[in-house]
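# Descriptive analysis of the structure
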Amino acid sequence: MMVSDIVRELKKAQSIGVITHINPDGDAVGSVLAIALALKKLKKSAVVIKNDIIPDKYKFLPGQELITCIDDITAALDILIVLDCGDADRLGNGICLLEKAKTVINIDHHISNTMFGNLNLVDTNAAATAEIVYQVIKLTGARLDMDIATCLYTAIVADTGCFRYDNTTQVTHTICGELISLGVKSNRIITRLFHERTLPQLKILGMAVNSLKIFHGGKTAVMMVTKDMMEDSGAAQGDLENVIDFGRDVSGVEIAVLMKEVEDNSVRIGFRAKDDVDVSSIARGFGGGGHKKASGCTLKGSLSEALEMVLGEIDKIFGVRQ
Ligand SMILES: [Mn+2]
């Protein structure tokens, strides 16, 4: 599917809902707000449909007034745009909206995308879904203003780890250069995303780092976050974003794992790879998905059971555990 096919559909439509995956990250939030703001400029009735809590650190983004609850979507939508979501199951309660929309447009950059839309625009070379959203907005002719640019820039900065990950390309920098020329406050956004922490965020980071264990002769770093740690620190869901990077940053580590105990005897697991290891296959093997260097899955069981399963898979890459 081409960007022009998507734009043609958008132009024909009137009521458009925009949604992303549960546990939304910066790319997710920035992308949905950017496209909804642009659609407004094209005089469409556009809303961002809320299927999960939006982390406080993205509350500064423009367009928050376009956010609507699922229950308020009573009439059928001409189009539902699903952004940054590799699998319809990651829509949480929002999955019911797939039925309510005449056309579902799936725009994403995950290699694991299941192509669940009527129209699918999946570009795995894009560093962030926001890069694709930028192309779509450009082609609609909607004027990129500072609000839209701020959302897009934040999304790209979030998904590239501030241009550090190797998904960052010349295209990424070209787009971001244009966004800065529109007045985006680059350093303020980067500080907000990567350097500013609430006290609970700092406490949970400390606890996670303290739990770090090394395996495979230093190539694997595992951090574990228990429900008690979340409670003691006062941290909320979303406060763990980027914590996994501290495991990856350890010299010699090639795979970082962050395991979080979640409600119903299950463990949410994130993987990050340095250099040549592909962690998307590990996550996929456990029913999850993601990218080569950043992926995730959920396992049933206790933290220690999940740890054994994960290390068992990494043994296959690095050989005998040390
Ligand atoms: Mn993304």
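Quick caveat, the model's predicted, so the values are computed rather than measured.

A common measure of how large an interface is: the accessible area buried when the components associate. For the chain, the domain assignment lists domain 1 (3–195) and domain 2 (199–318). Carbon and sulfur atoms supply 38% of the area that domain 1 and domain 2 bury against each other, a total of about 1,200 Å² over both sides. The interface formed by domain 1 and domain 2 includes 2 salt bridges. In this structure, D166 and K293 form a salt bridge, with 2.7 Å as the shortest nitrogen-oxygen distance. Within the side of domain 1 that touches domain 2, the residues separate by chemical class into 5 nonpolar, 5 polar and 5 charged.

Spacing of three or four residues puts side chains on the same side of an α-helix, whose turn is 3.6 residues. Its 16 residues give helix α2 (residues 26–41) an end-to-end C-alpha distance of 23 Å, which sits within 8% of 22 Å, the value for a rise of 1.5 Å per residue. Most of α2 sits out of view: 14 of its 16 residues are buried. K43 lies just past α2 and shows a positive phi near 65 degrees.

Here the focus is the pairing of strand β9 (residues 255–262). Residues in a regular strand project their side chains so that they alternate between the two faces of the sheet. For β9, the tally of buried residues reaches 6 of 8 residues, placing the bulk of the element in the interior. For strand β8 (residues 220–225) and β9, the ladder comprises 6 bridges, and the chain directions are parallel. Note on β9: the bridge partner recorded for V222 is V257. With 8 bridges connecting them, β9 and strand β10 (residues 266–273) associate as antiparallel partners. By the bridge assignment, V262 is partnered in β10 with S266. Where β9 folds back onto β10 in an antiparallel hairpin, the turn is made up of 3 residues, including N265, whose phi is positive at roughly 50 degrees.

This next bit is on the pattern of salt bridges. This model, assessed by the stated rule, comprises 10 salt bridges. Between E178 and K138 there is a salt bridge whose closest N-O contact spans 2.8 Å. Residue E178 is located in helix α6 (residues 170–181), and its partner K138 is located in helix α4 (residues 129–140); the two are separated by 40 residues in the primary sequence. When its relative accessible area of 40% is taken as the criterion, K138 is described as partly exposed. The residue E313 makes a salt bridge to K316 at a minimum N-O spacing of 2.7 Å. Here K316 and E313 lie together in helix α12 (residues 303–318), a separation of 3 residues that amounts to about one turn. Residue K316 is classed as exposed on the basis of its relative accessible area, which comes to 64%.

Moving on to the coordination of the manganese ion. Within the protein, D27 (OD), D84 (OD), H109 (NE2) and D159 (OD) serve as the donor atoms for the manganese ion, at 2.2 to 2.3 Å. When the donors of the manganese ion are listed by position in the chain, the intervening gaps give D-x56-D-x24-H-x49-D. Of the two residues, D84 sits in the loop between β4 (77–83) and α3 (97–100) while H109 sits in the loop between β5 (101–108) and β6 (119–122), which places them 25 residues apart along the sequence. Residue D84 shares its accessibility class with H109, and that shared class is buried.

Here we have 6 strands laid out as an open sheet, ordered β3-β2-β1-β4-β5-β6, and parallel in their pairing. Where the open sheet ends on each side, the last strands, each with one partner, are β3 (67–69) and β6. Each strand of the sheet is rotated relative to its neighbour by a mean of 30 degrees, with strand direction disregarded. Looking at chain direction, strand β1 (residues 15–20) and strand β2 (residues 45–50) are connected through 4 bridges and run parallel. When the bridges of β2 are listed, G17 appears paired with V47. Lying over the sheet, helix α1 (residues 3–12) contacts β1, β4, β5 and β6, oriented at roughly 145 degrees with respect to β5. Of the strands in this sheet, β1, β2, β3 and β4 are in contact with α2, which crosses β1 at around 170 degrees.

Cut-offs used in this document
- Residues numbered from 1 in each chain as written.
- Predicted model: local features only at pLDDT ≥ 70, side-chain atom pairs only at ≥ 80, totals over all residues.
- Heavy atoms only, no water.
- Domains from an automatic or database assignment.
- Buried area = accessible area lost by both parts, 1.4 Å probe.
- Salt bridge = Lys/Arg side-chain N within 4 Å of Asp/Glu carboxyl O.
- Nonpolar A, V, L, I, M, F, W, Y, C, P; charged D, E, K, R; others polar.
- Helix = DSSP H or I, 4+ residues; strand = E, 2+ residues; numbered from the N terminus.
- Expected span 1.5 Å × (residues − 1).
- Buried < 20%, exposed > 50% of the residue type's maximum accessible area, 1.4 Å probe, protein only.
- Pairing = 2+ DSSP bridges.
- Donors = N, O, S within 2.8 Å, 3.2 Å for Na, K, Ca; no water.
- Axes fitted to C-alpha atoms, helices over the stretch in contact; angles between N-to-C directions.
- Contact = heavy atoms within 4.5 Å.

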